Amino acid sequence: MNIIEILNLVHEYRELDEEGNEAEALRAVDGVSLTVEEGEFIAILGHNGSGKSTLAKHVNALLTPTEGTVYLSGMNVAEHKPIWEVRREAGMIFQNPDNQIIGTSVEEDVAFGPENMGIPTEELLKRVEVSLEKAGMAAYRLHSPNKLSGGQKQRVAIAGMLAMRPKVILMDEPTAMLDPVGRKEVLETMHELNRQEGITVVFITHYMEEVVDADRIVVMKDGKLVMNGAPREVFSRLEELEECHLTAPEVTRLAAELKKAGLDLPDGVLSVDELVNALCRLK
Amino acid sequence: MQIEVKDVCYTYTPEAEQPKFAVDHVSFSVEEGEFIALIGHTGSGKSTLIQFLDGLLKPTSGEVLFHGENVAAKGYDLKTLRQKVGLVFQYPEYQLFETTVLKDVCYGPKNMGLPKEEQEARAKEALSLVRFPEASYEKSPFDLSGGRKRRAAIAGILAMKPEVLILDEPTAGLDPEGREDILNVCRNLNDQGITVILVSHSMEDVAEYAKRILVMNQGKLIYDAPPEKVFSDWRKLEEIGLSAPEVTYVMEGLRKAGFDVRTDVFTVEKAKEEILRVFGK
Amino acid sequence: MIRDITLGQYYEADSVIHRLDPRVKLAFTVIYIVSLYVGEGVLAFALAASFLAVIIILSKVPVSFMLRGLKSIFILMIISVIFNLFLTQGEEIFHWWIFRITKEGIRIAVRMVIRLILLIMGTSIMTLTTTPSRLTDGLEKAFGFLKIFHVPVHAVAMMMSIALRFIPILIEEVNKIMKAQQARGADFENGGLIKKAKAMIPLLIPLFVSAFRRADDLANAMEARCYHGGDDRTKLHPLKYRKRDAIAYLVLFAYLAAIILLRIFTSELIKIVP
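Report follows, based on the coordinates. (Residues numbered from 1 in each chain as written. Chains lettered and ligands numbered in written order. Predicted model: local features only at pLDDT ≥ 70, side-chain atom pairs only at ≥ 80, totals over all residues. Heavy atoms only, no water.)

### Overview of the overall build of chain A
Counting its regular elements, chain A contains 10 helices and 10 strands. Along the first, second and third principal axes, the C-alpha atoms of chain A reach 65 × 55 × 40 Å. A total of 283 residues make up chain A; the buried ones form 56% of that total. Within chain A, residue pairs in contact and separated by at least 24 positions form 64% of the contacts whose partners lie at least 6 positions apart. Carbon together with sulfur atoms contributes 44% to the accessible area of chain A, which is approximately 11400 Å² in total. On chain A, the mean spot of the 29 positive side-chain charges and the mean spot of the 48 negative ones are 4 Å from each other. (Helix = DSSP H or I, 4+ residues; strand = E, 2+ residues; numbered from the N terminus. Buried < 20%, exposed > 50% of the residue type's maximum accessible area, 1.4 Å probe, protein only. Contact = heavy atoms within 4.5 Å. Areas by Shrake-Rupley, 256 points an atom, 1.4 Å probe, with all protein chains shown as cover. Lys, Arg positive; Asp, Glu negative; His and termini not counted. Charge placed at Lys NZ, Arg CZ, Asp CG, Glu CD.)

### With respect to the sheet that holds strand β4 (residues 61–66) of chain B
All names here are of chain B. Read from one edge to the other, the open sheet built from four strands follows the order β2-β1-β4-β5, with strand pairing classed as antiparallel. In this open sheet, the two edge strands, each paired with only one partner strand, are β2 (21–30) and β5 (69–70). Direction of pairing for strand β1 (residues 3–11) relative to β2: antiparallel, over a ladder of six bridges. Its bridge partner lying in β2, Glu4 is registered against Ser29. Its contacts with the sheet place helix α1 (residues 46–53) against β1, β2 and β4, and it is angled at close to 130 degrees to β1. (Pairing = 2+ DSSP bridges. Axes fitted to C-alpha atoms, helices over the stretch in contact; angles between N-to-C directions.)

### Observations regarding the interface of chain A and chain B
Across the contact, 32 residues belong to chain A and 29 residues belong to chain B. Note on chain A versus chain B: buried area summed over both sides is about 2800 Å², and carbon and sulfur give 65% of it. The interface formed by chain A and chain B contains one salt bridge. As a salt-bridge pair, A:Glu257 and B:Lys272 come within 3.3 Å of each other at their nearest N and O atoms. Run the count over chain A and chain B and you get nine residue pairs in polar contact (both at pLDDT 80 or more). For the side of chain A that touches chain B, a count of residues per class yields 20 nonpolar, six polar and six charged. (Buried area = accessible area lost by both parts, 1.4 Å probe. Salt bridge = Lys/Arg side-chain N within 4 Å of Asp/Glu carboxyl O. Polar contact = N/O pair within 3.5 Å; in protein donor to acceptor, adjacent residues only side chain to side chain. Nonpolar A, V, L, I, M, F, W, Y, C, P; charged D, E, K, R; others polar.)

### A closer look at the packing of aromatic side chains
Going through the model one piece at a time under the given rule, you end up with 18 aromatic pairs over all chains. Taken together, a centroid distance of 5.7 Å and an interplanar angle of 20 degrees make the contact between A:Phe112 and C:Tyr227 stacked. Here A:Phe112 is found in helix α3 (residues 106–116), whereas its partner C:Tyr227 is found in the loop between α10 (201–224) and α11 (243–272) on a different chain. When sorted by exposure, A:Phe112 lands in the same class as C:Tyr227, which is buried. On the basis of an interplanar angle of 15 degrees and a centroid distance of 6.0 Å, the ring pair of C:Tyr32 and C:Tyr255 is categorised as stacked. Here C:Tyr255 lies in helix α11 and C:Tyr32 lies in helix α2 (residues 22–38), a separation of 223 residues in the sequence. A relative accessible area of 2% means that C:Tyr32 is categorised as buried. Of the aromatic side chains, those joined through ring pairs into one cluster are C:Phe28, C:Tyr32, C:Phe51 and C:Tyr255. Across from the ring centre of C:Tyr241, 4.0 Å away, lies the NZ or CZ of C:Arg23, which sits over that ring. (Phe/Tyr/Trp six-rings, centres within 6.5 Å; stacked < 30°, edge-to-face > 60°. Lys NZ or Arg CZ within 6 Å of the ring centre and 35° of its normal.)

### Thoughts on the interface of chain C and chain A
Between chain C and chain A, the contact holds 26 residues from the first and 39 residues from the second. Between chain C and chain A we count three salt bridges in total. Its salt-bridge partner being C:Arg233, residue A:Glu115 comes within 2.7 Å of it at the nearest N-O pair. Where chain C packs against chain A, one counts 16 residue pairs in polar contact (both at pLDDT 80 or more). Listing elements by their share of the side of chain C that touches chain A, those giving two or more residues are α8 (153–182) and α10 of chain C. No other element matches the eight residues that α10(C) contributes to the side of chain C that touches chain A. Classifying every residue of the side of chain C that touches chain A gives 12 nonpolar, six polar and eight charged.

### Topic: the pairing of β1(B)
As defined by bridge partners, β1(B) adjoins β4(B) across five bridges and the pair is classed as antiparallel. Looking at the pairing, B:Glu4 lines up with B:Leu65 of β4(B).

### Focus on the side chain of C:Thr136
All names here are of chain C. By the secondary structure assignment, Thr136 is in helix α7 (residues 132–142). A residue is classified by how much of its surface remains accessible, and Thr136, at 3% relative accessible area, is buried. Those residues in contact with Thr136 that lie beyond four places of it in its chain are Ala157, Met160, Ser161 and Leu164.

### Quick look at the nonpolar core
Among the nonpolar cores identified, the biggest contains 74 residues, and A:Leu254, A:Leu275, B:Ile213, B:Val215, B:Val250, B:Leu254 and B:Ile275 are the most heavily contacted of them. Here B:Leu254 is in contact with A:Val276, A:Leu279, B:Phe259, B:Val261 and B:Ile275, once residues within four sequence places are set aside. Grouped together as the second largest cluster of nonpolar side chains are 49 residues, A:Met137, A:Met161, A:Leu162 and A:Val219 included. (Core = buried A, V, L, I, M, F, W, Y, C linked by side-chain atoms within 4.5 Å.)

### Examining the packing of helix α4 (residues 63–71) of chain C against helix α6 (residues 103–129) of chain C
For any two helices packed against each other, the geometry is given by the interaxial angle and the distance between the axes. All names here are of chain C. Here α4 crosses α6 at 120 degrees, and the two axes come no closer than 10 Å. As the angle between them shows, α4 and α6 are arranged oblique. Of the two elements, α4 crosses α6, and the hand of that crossing is right-handed. Between α4, through Phe65, Met66, Leu67, Gly69 and Leu70, and α6, the contact on the second element is made entirely by Ile117, Ile120, Met121, Ser124, Ile125 and Leu128. Here the residues of the contact of α4 with α6 sort into nine nonpolar, two polar and no charged. (Parallel < 35°, antiparallel > 145°, perpendicular 65-115°, else oblique. Left-handed = near helix turned anticlockwise from the far one by under 90°.)

### Observations regarding a nonpolar patch on the surface
Residue and element names in this part refer to chain C. Together, Ile93, Phe94, Trp96, Trp97, Ile98, Phe99, Ile106, Val110 and Ile114 make up a nonpolar patch on the protein surface, roughly 950 Å² of accessible area in all. For the nonpolar patch, the secondary structure elements donating two or more residues are β1 (92–96) and α6. On the secondary structure map, Phe94 appears in strand β1. (Patch = residues over 30% accessible without salt bridge, like charges linked within 9 Å, V, L, I, M, F, W, Y side chains within 5 Å.)

### With respect to the pattern of salt bridges
Any two side chains of opposite charge can pair if their charged atoms end up close together. In the structure shown here, the tally under the stated rule is 39 salt bridges over all chains. Notably, a salt bridge pairs A:Lys224 with A:Asp30, separated by 3.0 Å at the nearest N-O pair. With a gap of 194 residues between them, A:Lys224 in strand β10 (residues 224–229) and A:Asp30 in strand β2 (residues 22–37) connect regions that are remote in the sequence. For A:Lys224, a relative accessible area of 42% corresponds to the partly exposed category. Of the charged contacts in the structure, one is a salt bridge between C:Glu223 and A:Arg87, with a shortest N-O distance of 3.4 Å. Residue C:Glu223 is located in helix α10, and its partner A:Arg87 is located in helix α2 (residues 83–87); the two belong to separate chains. Overall, the relative accessible area of 35% leaves C:Glu223 in the partly exposed class. Assessed through its relative accessible area of 6%, A:Arg87 is described here as buried. Through salt bridges that share partners, A:Glu12, A:Arg14, A:Arg27, A:Asp30, A:Glu67 and A:Lys224 make up one connected network.

### Brief notes about a negative patch on the surface
Together, A:Glu239, A:Glu242, A:Glu243, B:Glu177, B:Glu180, B:Glu208, B:Glu269 and B:Glu273 make up a region of like negative charge exposed at the surface. When contributions to the negative patch are tallied by element, the ones reaching two or more residues are α8 (238–243) of chain A together with α6 (176–191) and α11 (268–278) of chain B. With three residues, the single largest contributor to the negative patch is α8(A). With respect to the element layout, B:Glu269 can be found in helix α11.

Here it is as structure tokens:
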């Protein structure tokens, strides 16, 4: 079943001049169509300003389309009322871990979403406990968010989403401001939730190494969707990627270089083990 | 010797009986024209350490010498030090404040008390060093894209013509092309004789450019060695929350599988040569 | 310097005082301030001081921690002591050049110092033993009746709690920007007033820009989590009065009554013994 359906989406940021007339219209998303199946882990890649964030913000109605329609679990996102029925279906994690934590303690922050949904207190307590457990942050329940590491803050934010019991979690460059340890923490948590809870994940990033385990990769360039396929397939098209101002992970590039030099290697090698095994077979 | 760091310590609780050291007895020196990478995970003390070099923090004990003079000494000219040792903080674009890019880059030279023409000449030179497009000089710095903002901010430091440039995570949050751009700028500056100290936790960034790597962990300097030496010790790196470049792991895997390859290889280019050598191509 | 101010800082401990409903502590703060100004004479101050001492002991907040809060008002205290000591008219007991100290001056100065110390310590009890969020919850509930007059109580409480969360972040940010500009040769310390004020521009503009960016991010994050004002909102820890709160209220009013009685009594005493 398609949980997200985006049809010919266009989004323009309009700039007004001093008289209030339209001075400039910037097309951030330019005619994108995309469907995401329930339970999928989909990664969106793209250079800075390629429109990937703007695209994602349409799914939970933070932005309304200039043209086109977005469906989430069958609801027309832009028209559905009340709007929080859409938002509790698709949670969103943002880039800056500091700017999305509202509560002054971890448990209060996790409770914020369901509190807004009017969930009764006993149920709230249960949801907070379960969500923190799933995000691996149960030990920090009463801590102040200010003292956590970046990766831990993002996991608190993830627990905050889980407490709303969403079907989809949209992640808008959640690892961009983290160190390698934090990035790994967040990524592993999301994969686990995807596998165990069946939550659909839309993961936006520009770290190539982070997407090799995704079910599917979508690449955006200047507001358009230009590539869409399994990681192996996308990463075997190195030239196209470079045109999108992106690259492939180091191992993939090494394998491609070796192949060019005459070694009989497969396309789109994704991991260290894969490359080592392939080379062993050549011996 | 351009910079000498002698047994410096830093603690936030100097009165405590057993103070916790953010920087714990660190010594190293920097020669003119070097390209050094300083790596370590968040909280390893690397950000504190670089602030000593710029006189923004004074070590609790130990000393930092710039051209042989103790920068913490009374009456030492910190203003000149900060001009000679340019420090680019993490997310430097957050320091932009002027109405145009050009004016913002002039801020440093202006603080040095240079005449207006000289300020602008230096600003323009700095902007061209970071390959900032001339057409955008008069734009508001707040209207730029992320990568350009970053480059404008770096130019703000370069306009003071530093001898040493220290950059704290200059590629954080940028896309692959933006990262490459910034690193290329660093290399060009180094080619022109500027000493570069690159603080990072991205091994891939570091591997390609640095000729010497300093590794910090829990306030201690645990490595001061060329990249091949540091990366071949990837087990130790992993223990302290870092890792070697992916390529190093490929070589390690091949070695284990019985290939006679060198394992002190850490860039795609070198790895390719080495593997092809073994395969006799 | 900022670290020294205990006012508005929470001290984590598990105590009866910590567990009290924030509304009780709010009432305590108001009543305690009133009592310090209603109370007259040695007995009243002794009562106020011992009442506070009991509460501090119950709260398990170390006294040293409380005293640290006094450091920040030390200068203020010295200045007012000097003013009161030298400028009060009355019976002279010491005279040197233009300085004269009077009996009344000493009495007023001493009374003021005691009052100020008790006031600062008494009011910091609330913030030291109540998490900022419980505090705002308490304020929201306590002033909830204002909703009838169309005062947006929920919105104000929400703003307060967000402000509380972001104050430490913004302080850190000020530090960072300051260092970044110092690295570009900014001088925040030297020069006259105008020069100093001008030097603040490179600090304030980035700070505002960043505050707005954070506000924008936060608004997005809140909307994404279904925030739509205070209507139909539930609470993880709703405020409910318990037995201990009732007892606390009783103690509190008994204390206030004692202070008032003491005042009436001592003023009677003064009348009898002029």
